[in-house]
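Summary of the model geometry
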Amino acid sequence: MRTFYFATRANGDYIFDNFPDELKYLISEFKEKKDPFTITLKGEKIEARMACKTNQYGSIYVLTTESKFINRYKYFKQLVDLSTIYIKPLVNFQNELIETHNKLNEEFIHNVTSLNTYSIQDLFSLIPQNTLTENINKQKEKVREIIDEKPNVTVNTLLNLIKYNLATKVEFSVFERTIKPCASLQKETHSIRSVILSILQIFIDDFEKKNIEVSLDACEKLLKIDYDSLFVSLYYIFDNAVKYCCPSTKFKIIFKEEKGSFDILIIMISIRIEDSEINKLSIRGYRSDYARLLNDNGHGIGMYRIHKTLKLNDAELVIKPRTNDFKRESRGIKYEANEFRIKFNGQQDWFKTN
């Protein structure tokens, strides 16, 4: 014997229910009855009571087949009255879910739309749209002419398109893992240096534009990782580095095998990180004052995504500000030596040498 509930908002919108499908017709056909009546549940005819209670937040239908409520109307009335207490929390909970879902969708749509816009702008900067529409029968010839006349611009455009497409892949991957927390991982053995290099090369042109010298240590270690999630982690680390590194400095990637972990050390001269900010950086939406001053277009999600996706590979990001005494200030922005260490914890059996 059980009790079933069907809750709706004040405007009639559905919230939740645990009614068996074969009994949901009772909602649409509901008429207030004080006395018990007979229902058929799983082929068995049984007695039930049903009532509906409404307040300013919504309505809740209560159907019970429990004998103590069937035999004593007083108890049943108390059950119904008590049930209305839960309408407000249910409405609030649903509102929070809708708001979170909408934020995720809006963020995803905004990011993918922006990347698509950048791709189109770069492409049309190289090959103006009117050039193609005016020469509809000679499009290939016109494109060849432009490539021959602007080889360097063509190369830069293609590199940007590669970066935008990979960034779009990252957005889809993050979105999928956000809406599917139990998304399956495919952990396979990869050369960690090759993985880093495959992502780092996307940003080399951006580092060069800021005159930042990039160095990558030699390393023969193989790690068993989920490539897609580590790709996302590293993508946002390098993307943030390009945004927040000081121009005309060095960007180093070093590998270290510790007693209980294998570490990737990323050392850079980047915006000052206060000690009080270290734990805040992983909070979705948090941006430091220097980050806002340098770039007011950010949304404070990069570091959050780094922390979240690293966990999928049993890794964590450890931030160590001011690793040496280097300091530089430019246009009100303070730059210092910072270390971002990716620690693959407790996975000694992952470490193998080619």
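Source: prediction; values computed, not measured.

1. Quick look at the overall build of the protein
Tallying secondary structure elements over the protein gives 11 helices and 14 strands in all. Computed over its C-alpha atoms, the radius of gyration of the protein comes to 29 Å, more than 25% above the 20 Å expected for a compact globule of 354 residues. Per-residue burial for the protein yields a buried fraction of 43% across its 354 residues. Of all intrachain contacts in the protein linking residues separated by at least 6 positions in sequence, the fraction that spans at least 24 positions is 65%.

2. Considering empty space enclosed by the protein
Taken as a whole and assessed by the stated rule, the structure comprises one cavity of 30 Å³ or more. Of the volumes computed, that of the largest cavity is approximately 40 Å³. Lining the largest cavity are Leu159, Asn160, Lys163, Ile202, Asp205 and Asp206. Listed by contribution, the elements that provide at least two residues to the lining of the largest cavity are α7 (151–179) and α8 (192–209). Taken together, the residues of the lining of the largest cavity sort by class into two nonpolar, one polar and three charged.

3. Examining the pairing of strand β3 (residues 37–41)
Residue alternation in β3 divides its side chains into a buried set, Phe37, Ile39 and Leu41, and an unburied set, Thr38 and Thr40. In this structure, the hairpin formed by β3 and strand β4 (residues 44–55) is closed by a connection of two residues, where Lys42 is found at a positive phi of approximately 55°.

4. Things to note about the sheet that holds strand β2 (residues 14–17)
If you walk across this open sheet you meet the five strands as β2-β1-β5-β4-β3, and the pairing is antiparallel. Strands with a single pairing partner mark the edges of an open sheet, and in this sheet they are β2 and β3. Along the sheet, successive strands turn relative to each other by an average axial angle of 30°, direction set aside. Packing of helix α3 (residues 73–83) onto the sheet brings it into contact with β1 (3–9), β4 and β5 (58–64), and relative to β4 it is tilted by some 45°. On the sheet, helix α4 (residues 87–126) packs against β1, β2, β4 and β5 and is oriented at approximately 115° with respect to β2.

5. Looking at the environment of Phe16
One can find Phe16 in strand β2. In this structure, the C-alpha to C-alpha distance between Phe16 and Leu41, residues 25 residues apart in sequence, is 20 Å.

6. Here we look at the pattern of salt bridges
Two side chains that carry opposite charge are able to pair once their charged atoms sit near each other. Tallied over the entire structure, the rule returns 18 salt bridges. The salt bridge partner of Asp17 is Lys24, with a shortest N-O separation of 3.6 Å. Accessibility expressed as a relative area gives 16% for Asp17, which makes it buried. Residue Asp81 pairs with Lys77 through a salt bridge whose shortest N-O separation is 3.3 Å. With a gap of four residues between them, Asp81 and Lys77 both fall in helix α3, about one helical turn apart. Taking the relative accessible area as the measure of exposure, Asp81 reaches 27% and is therefore partly exposed. Take Lys77: its relative accessible area is 41%, and that puts it in the partly exposed class. Connected via shared salt-bridge partners are Arg272, Glu274, Asp275, Arg322 and Glu336.

Parameters and conventions
Residues numbered from 1 in each chain as written. Predicted model: local features only at pLDDT ≥ 70, side-chain atom pairs only at ≥ 80, totals over all residues. Heavy atoms only, no water. Helix = DSSP H or I, 4+ residues; strand = E, 2+ residues; numbered from the N terminus. Rg over C-alpha atoms; globule rule 2.2 N^0.38 Å. Buried < 20%, exposed > 50% of the residue type's maximum accessible area, 1.4 Å probe, protein only. Contact = heavy atoms within 4.5 Å. 1 Å grid on protein atoms, 1.4 Å probe; cavity = no way out; pocket = protein on both sides within 12 Å on 5 of 7 lines; lining within 4 Å. Points joined across faces, edges and corners; volume = space filled by probe spheres on them. Nonpolar A, V, L, I, M, F, W, Y, C, P; charged D, E, K, R; others polar. Pairing = 2+ DSSP bridges. Axes fitted to C-alpha atoms, helices over the stretch in contact; angles between N-to-C directions. Salt bridge = Lys/Arg side-chain N within 4 Å of Asp/Glu carboxyl O.

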